[in-house]
Amino acid sequence: MTVDEFNQAVNLYSDGVYRFVLKNIKDEDKAKDIIQDTYEKLWKKHAEVNFQKVKSYLFSAAYHTLIDLTRREKKQAQWDEVDFKNHSHSDGYSDLNEILHRAVERLPETQRMVVMMRDYEGYSYKEIGEICGLNEAQVKVYIFRARKFLKEYIGKIEILV
């Protein structure tokens, strides 16, 4: 990849990669750091990366950087096991967007990543598998489990509205 192609990749894909990372960590500063690290990794390997596959490379690198950051932070903090049945929403609350975001935050990180890449970003199962290092069957299972959890967490939509 040439310098011009690198600059073109920054212009084409930085917003999408940033949105993907920001939706997963909800911290603008950390998201910007991850994007910076991702483009630094791309620059270090720009001679090896084919411009036709740069989008996949960027999302993969951002995903792995995000996972590394999340794992480092988990080691620093103590997390208690959550009983999801005690935290489900079945009373009359009308802010569906807030409830959905809370539910997505409670998903295990792999399930959250694949469901967001599929439902928010519109990637195919194959593309998600390439980015996350999973096969298509694993991607489908993670998405199924994530959607099942979200359905159980949110409860019946008629109760919420």
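Structure: above.
Cut-off values and rules
Residues numbered from 1 in each chain as written. Predicted model: local features only at pLDDT ≥ 70, side-chain atom pairs only at ≥ 80, totals over all residues. Heavy atoms only, no water. Buried < 20%, exposed > 50% of the residue type's maximum accessible area, 1.4 Å probe, protein only. Helix = DSSP H or I, 4+ residues; strand = E, 2+ residues; numbered from the N terminus. Arc of directions from axis to C-beta. Polar contact = N/O pair within 3.5 Å; in protein donor to acceptor, adjacent residues only side chain to side chain. Contact = heavy atoms within 4.5 Å. Axes fitted to C-alpha atoms, helices over the stretch in contact; angles between N-to-C directions. Parallel < 35°, antiparallel > 145°, perpendicular 65-115°, else oblique. Left-handed = near helix turned anticlockwise from the far one by under 90°.

Comments concerning helix α6 (residues 125-132)
No. 1: By the burial criterion, the buried members of α6 are I128, G129, I131 and C132. Across the axial projection of α6, the buried residues extend over an arc of 165 degrees, all falling on one side.
No. 2: Following α6 by one or two positions, G133 adopts a phi angle in the positive range, close to 75 degrees.

Description of the side chain of T38
No. 1: By secondary structure assignment, the location of T38 is in helix α2 (residues 28-44).
No. 2: There is a polar contact of 2.7 Å between the side chain of T38 and the backbone oxygen of I34.
No. 3: Leave out the neighbours within four places in its chain, and T38 touches L58, A61, A62 and T65.

Remarks on the packing of helix α1 (residues 3-25) against helix α5 (residues 109-119)
No. 1: Their axes nearest at 11 Å, the elements α1 and α5 cross at an angle of 135 degrees. In terms of axis orientation, α1 runs oblique to α5. Where α1 crosses over α5, the two elements pack in a sense that is right-handed. For the pair α1 and α5, the contacting residues are F20, K23 and N24 in the first and R112, M113, M116 and M117 in the second.

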